[in-house]
Number of protein chains: 2
Amino acid sequence: MVQGKIAVVGAGVIGLSVAWRAMNSGWRTVVVDPQPCSGASWVAGGMLAPVTEAWPGEEPLLELGEASLRAWPEFAAELGDVGLRTQGTVVAAFDAADAAQLTILADHLASIGRDVGRLTGPEIRRLEPAMSTSVRSGLSVPGDLAVDNRKLLEVLRSKAEFIHQPARAVGNGVVELDNSTVDCDVVVIAAGAWSRHLHPALNSLIRPVKGEILRLKPGWGAVPLGRTIRALVESRPVYLVPRENGEVVLGATQYEAGYDTQVMVCGVRDLLADAERVVPGISEYVLVESAAGIRASSQDNLPVIDWLEPGILVASGHHRNGLLLAPITADAVLALLNGNPVPEAAAAARLESR
Amino acid sequence: MVQGKIAVVGAGVIGLSVAWRAMNSGWRTVVVDPQPCSGASWVAGGMLAPVTEAWPGEEPLLELGEASLRAWPEFAAELGDVGLRTQGTVVAAFDAADAAQLTILADHLASIGRDVGRLTGPEIRRLEPAMSTSVRSGLSVPGDLAVDNRKLLEVLRSKAEFIHQPARAVGNGVVELDNSTVDCDVVVIAAGAWSRHLHPALNSLIRPVKGEILRLKPGWGAVPLGRTIRALVESRPVYLVPRENGEVVLGATQYEAGYDTQVMVCGVRDLLADAERVVPGISEYVLVESAAGIRASSQDNLPVIDWLEPGILVASGHHRNGLLLAPITADAVLALLNGNPVPEAAAAARLESR
């Protein structure tokens, strides 16, 4: 069955997941990106942790994230070794205000039927011995996953065909490059924060939010981490995501600075200071890399997955959740391409739900 | 006049300066280094600041440094554009103990006839407006220089011939490589902290001292620096060396960790925190690079420049002063090679002075 041809604009985790699934479903696919795997998905930590992102009023995002989390093990298994980790998440609160925030989160989750484990300081240190004795309380979410985002992207990259050029504009069945065009049946805009320049409907829906991360590895004698650690330190969120080889991704700052991807001294300073207050032994880690990426934030933190007009689909605005939402986003895009109903949880990501 | 052949082991600033000067003096030279320009000289800040390194009891080092500083303008002029800056140094004291240290230094310098300018907080901020209002007092040394160490190394590298292999041992007129030898008339050991493995006489004289630096560039709206800034912050020394293009080298940690050149979280944290206390606007700089190098420290902070035995010279142990001492070291080595007396200030660097 030949389904026609799609051109995916953007080789981050969303674009590549869509391209891979579309190819498997019989579509000819090409991915347009001047530098595949160089954006927010490459810089990300790889947390697959919808519950600890929950907040009152954002129930549709929680349901979308949970549905995608359930799809992750099969998604990963089909791709091979993508460094999927199943040790779960612990969330730590540093001061009294941080602890109060976690109580709001835990109460909210309980009220919608998602009980999470509430931990005292000693209990959280029993789970993660590297945690500071200053940590007051925490939560345990054993069902969370984490993925090695760079392994994942390399696997997805190996399955795609690329045009290494920037997309300057898209139309019905066409992607315009600098000096040529790509003709296709459907264009999928999956260009993250750059998507807003490709269609007027996205211009006010999506905005760039800068994030800096540090990649660390244990120095001589440093205590390894088991679980993903999230924390609130004087209201600033910080996370530490361990990899199988002991490396840790420490992230992430969040601020609006256009499309600037320079790593600022203030960002590095805050990440290191906050991480050290939660995990003092992080000072004995080696700094391997610092990097910044641009998230595609949306007004309601939900992605936008829908037809924009005939021949043009969008899958963007995934903010901090691109890795988590890749499986359900690919499923939803495939449903739209094939004329089927989207997964129930993905209905909230359609334009008509805004 | 053919002088014979020398093999210089080590392509840092000392080895390359010696090779260049020897070549100009009629010697055939070859430099043995698996990775030229990758060690401490590459990582360094490029301060040429002997006075602010002075300390009671280290007068011979001060005289050596001052003699080399005087030789620097001509040395640089012969090489071309090496980013020599002549704006001088300001030294800042953060707390009362730091201010007391600077008073000891200034009194000492006055007692040996080197008066330096003593500055109040407001005076130091008039010289460098980026300086924190918390800085209590300081010193001004207008005669200090700074060099762009990487420009310098590139120029010196372009003048040398290399064997890109590690030296495994040296003997009278021979350097042993993995599977071959380099025959010559004289070997010059200029391998920095690795020199100690090349001759038994150096084993206890020289030891490795790790140093980490950060390279920064001004972000949008960041205040540029004019002079080299040195500071004591709660007894920890820190320096900020500006380049012509606005970049700043922030250094340097000092600790003994063998030959490890990994950049530790604790080092980065301390450098950023200390720099920010002296120059708060450093937080608005961009982190461009982090790196570590291994200094060759000696027991008395003086380098070792002498014959070790017939056919083997050493020029190593320059600790924090490799860039500063390159001209006088090259002069001294050339004098030894040619059978002339070494410059007076370099006599203290001979073995017999130990």
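Residues numbered from 1 in each chain as written. Chains lettered and ligands numbered in written order. Predicted model: local features only at pLDDT ≥ 70, side-chain atom pairs only at ≥ 80, totals over all residues. Heavy atoms only, no water.

Per an unreviewed UniProt entry, the recorded name for chain A is glycine oxidase, and the organism is Kibdelosporangium banguiense. Per UniProt, chain A carries the Pathway (unreviewed entry) text "Cofactor biosynthesis; thiamine diphosphate biosynthesis." Looking at the Catalytic activity (unreviewed entry) heading of the UniProt record, one finds this comment for chain A: "glycine + O2 + H2O = glyoxylate + H2O2 + NH4(+)". (UniProt positions renumbered as here; feature names shortened; annotations may be inferred.)

Q: Can you help me understand the sheet that holds strand β11 (residues 181-183) of chain A in this one?
A: Sheet strands associate in pairs through backbone hydrogen bonding, adopting either a parallel or an antiparallel arrangement. Residues and elements named next belong to chain A. Strand order in the open sheet formed by 3 strands is β9-β10-β11, and the pairing between neighbours is antiparallel. Where the open sheet ends on each side, the last strands, each with one partner, are β9 (169-171) and β11. Strand after strand, the sheet turns through a mean of 15° between neighbouring axes, direction not considered. Here β9 pairs with strand β10 (residues 174-176) via 3 bridges, running antiparallel. In the sheet register, Gly 171 faces β10, and the bridge partner there is Val 174. (Pairing = 2+ DSSP bridges. Helix = DSSP H or I, 4+ residues; strand = E, 2+ residues; numbered from the N terminus. Axes fitted to C-alpha atoms, helices over the stretch in contact; angles between N-to-C directions.)

Q: Sorry, what's going on with the pairing of strand β13 (residues 206-218) of chain A here?
A: Each regular strand carries side chains that alternate between the two faces of the sheet. Residue and element names in this part refer to chain A. Buried residues dominate β13, accounting for 10 of its 13 residues. Relative to strand β17 (residues 285-298), β13 runs antiparallel, the two sharing 13 bridges. Bridge pairing links Lys 210 to Ile 294 in β17. Of the strand pairs in this sheet, β13 and strand β16 (residues 248-251) are connected by 4 bridges, and their pairing is antiparallel. Following the sheet pairing, Leu 216 is matched in β16 by Val 248. (Buried < 20%, exposed > 50% of the residue type's maximum accessible area, 1.4 Å probe, protein only.)

Q: What is the right way to look at the relation of the copies chain B and chain A in this model?
A: Each of the two chain copies can be generated from the other by rotation about an axis followed by a shift along it. At an RMSD of 0.0 Å, chain B and chain A line up after a rotation of 180° and a shift of 0.0 Å along the axis. The transformation relating the two chain copies, once decomposed into turn and shift, fits a two-fold axis. In terms of C-alpha distance to the rotation axis, chain B has Arg 269 of chain B as its closest residue, with the C-alpha 3.4 Å off the axis. When the interface residues of chain B are mapped onto chain A, 100% of them are again interface residues, pointing to one common binding face. (Least-squares fit on C-alpha atoms with pLDDT ≥ 70 in both. Contact = heavy atoms within 4.5 Å.)

Q: Got a minute to help me understand the UniProt feature "domain: FAD dependent oxidoreductase" (unreviewed entry) in chain A in this structure?
A: Mapped onto the present numbering, the UniProt feature "domain: FAD dependent oxidoreductase" (unreviewed entry) falls on residues 5-333 of chain A. In residues 5-333 of chain A, helix accounts for 29% and strand for 30%; the two terminal C-alpha atoms are 14 Å from one another.

Q: Explain helix α6 (residues 149-158) of chain A here, please?
A: Those residues of α6 of chain A that fall on the buried side of the exposure criterion are Asn 149, Arg 150, Leu 152, Leu 153, Val 155 and Leu 156 of chain A. Structurally, α6 of chain A contributes buried residues whose contacts are with α1 (13-24), α2 (40-43), α3 (59-79), β13, β17 and α8 (322-338) of chain A.

Q: Is there a simple way to explain the sheet that holds strand β11 (residues 181-183) of chain B in this structure?
A: Residues and elements named next belong to chain B. Ordered by their spatial adjacency, 3 strands build an open sheet running β9-β10-β11, and the pairing between neighbours is antiparallel. Bordering the open sheet on either side are β9 (169-171) and β11, each of which pairs with just one other strand. For this sheet the average axis-to-axis angle between neighbouring strands, irrespective of direction, equals 15°.

Q: Please clarify how the pattern of salt bridges should be interpreted in this entry.
A: Note that side chains of opposite charge can pair when their charged atoms are close. The full count for this structure, using the stated rule, is 44 salt bridges over all chains. Each of Glu 234, Arg 236, Asp 274 and Arg 277 of chain A takes part in a single network of salt bridges with overlapping partners. (Salt bridge = Lys/Arg side-chain N within 4 Å of Asp/Glu carboxyl O.)

Q: Explain α1 of chain A to me, please; I cannot follow it from the model alone.
A: Because each turn of an α-helix spans 3.6 residues, side chains separated by three or four positions in sequence point in the same direction. Residues and elements named next belong to chain A. In this model, α1 (12 residues) spans 16 Å end to end at C-alpha, consistent with the 16 Å of a helix rising 1.5 Å per residue. Along α1, 10 of the 12 residues are buried, which leaves the element largely enclosed by surrounding structure. Val 13, Ile 14, Gly 15, Leu 16, Ser 17, Val 18, Ala 19, Trp 20, Arg 21 and Ala 22 are the residues of α1 that are buried. (Expected span 1.5 Å × (residues − 1).)

Q: It is not clear to me how the domain arrangement of chain A should be interpreted in this structure. Could you clarify?
A: By a frequent convention, interface size equals the accessible area lost on bringing the separate parts together. All names here are of chain A. Taken domain by domain, chain A holds domain 1 (4-42 + 151-206 + 299-353) and domain 2 (89-142 + 208-297). On a C-alpha basis, the centres of domain 1 and domain 2 stand 30 Å from each other. Each side of the interface is counted separately: domain 1 has 15 residues, and domain 2 has 10 residues. Taking both partners together, domain 1 and domain 2 bury about 1100 Å²; carbon and sulfur atoms supply 56% of that area. Scanning the region where domain 1 abuts domain 2 turns up 5 residue pairs in polar contact (both at pLDDT 80 or more). Along the lines of polarity and charge, the residues of the side of domain 1 that touches domain 2 split into 6 nonpolar, 7 polar and 2 charged. (Domains from an automatic or database assignment. Buried area = accessible area lost by both parts, 1.4 Å probe. Polar contact = N/O pair within 3.5 Å; in protein donor to acceptor, adjacent residues only side chain to side chain. Nonpolar A, V, L, I, M, F, W, Y, C, P; charged D, E, K, R; others polar.)

Q: What exactly am I supposed to notice about the interface of chain B and chain A here?
A: Contact residues are listed per partner, giving 19 residues for chain B and 19 residues for chain A. Carbon and sulfur atoms make up 64% of the surface buried where chain B meets chain A, a total of about 1600 Å² over both sides. When the buried area of chain B at its contact with chain A is split by residue, Val 265, Arg 269 and Leu 287 of chain B rank highest and sum to 34% of it. Our enumeration of links across chain B and chain A arrives at 2 salt bridges. One salt bridge in this structure joins Arg 269 of chain B and Glu 276 of chain A, with 2.3 Å as the shortest N-O distance. Summed over the shared surface of chain B and chain A, the result is 10 residue pairs in polar contact (both at pLDDT 80 or more). Going through the elements one at a time, β13 (206-218), α7 (265-278) and β17 (285-298) of chain B are the ones with two or more residues in the side of chain B that touches chain A. The dominant element in the side of chain B that touches chain A, judged by the number of residues it contributes, is α7 of chain B, at 6 residues. Split into classes, the residues belonging to the side of chain B that touches chain A amount to 11 nonpolar, 4 polar and 4 charged.

Q: What is the right way to look at the packing of helix α3 (residues 59-79) of chain B against helix α6 (residues 149-158) of chain B in this model?
A: A pair of packed helices is characterised by two quantities: the angle between their axes and the separation of those axes. Residue and element names in this part refer to chain B. Where α3 contacts α6, the axes come no closer than 10 Å and their chain directions differ by 55°. Taken together, the axis directions place α3 and α6 in an arrangement best described as oblique. Pair α3 / α6 crosses with left-handed handedness. From α3, Trp 72, Phe 75 and Leu 79 reach across to α6, where they touch Leu 152, Val 155 and Leu 156. Across the contact of α3 with α6, the residue classes tally to 6 nonpolar, no polar and no charged. (Parallel < 35°, antiparallel > 145°, perpendicular 65-115°, else oblique. Left-handed = near helix turned anticlockwise from the far one by under 90°.)

Q: Is there a simple way to explain the nonpolar core in this structure?
A: Grouped burial of nonpolar side chains is what soluble globular proteins tend to show. Ranked by size, the top nonpolar core spans 62 residues in total, and within it Leu 240, Leu 250 and Val 278 of chain A together with Leu 240, Leu 250 and Val 278 of chain B carry the most contacts. Once residues lying within four places of it in the same chain are set aside, the contact partners of Leu 250 of chain A are Glu 212, Ile 213, Leu 214, Leu 216, Val 238, Tyr 239, Leu 240, Leu 271, Leu 272 and Ala 275 of chain A. The next biggest cluster of nonpolar side chains, apart from the first, holds 55 residues, and it includes Trp 20, Trp 72, Ala 335 and Ala 346 of chain A. (Core = buried A, V, L, I, M, F, W, Y, C linked by side-chain atoms within 4.5 Å.)

Q: Honestly, the environment of Ile 6 of chain A in this entry has me stumped. Any pointers?
A: All names here are of chain A. Relative to the elements of secondary structure, Ile 6 occurs in strand β1 (residues 5-9). Taking the C-alpha atoms as reference points, Ile 6 and Val 188, separated by 182 residues in sequence, lie 7.1 Å from one another. For Ile 6, the contacting residues outside a window of four places in its chain are Ala 22, Trp 27, Arg 28, Thr 29, Val 30, Cys 184, Val 186, Val 188 and Leu 337.

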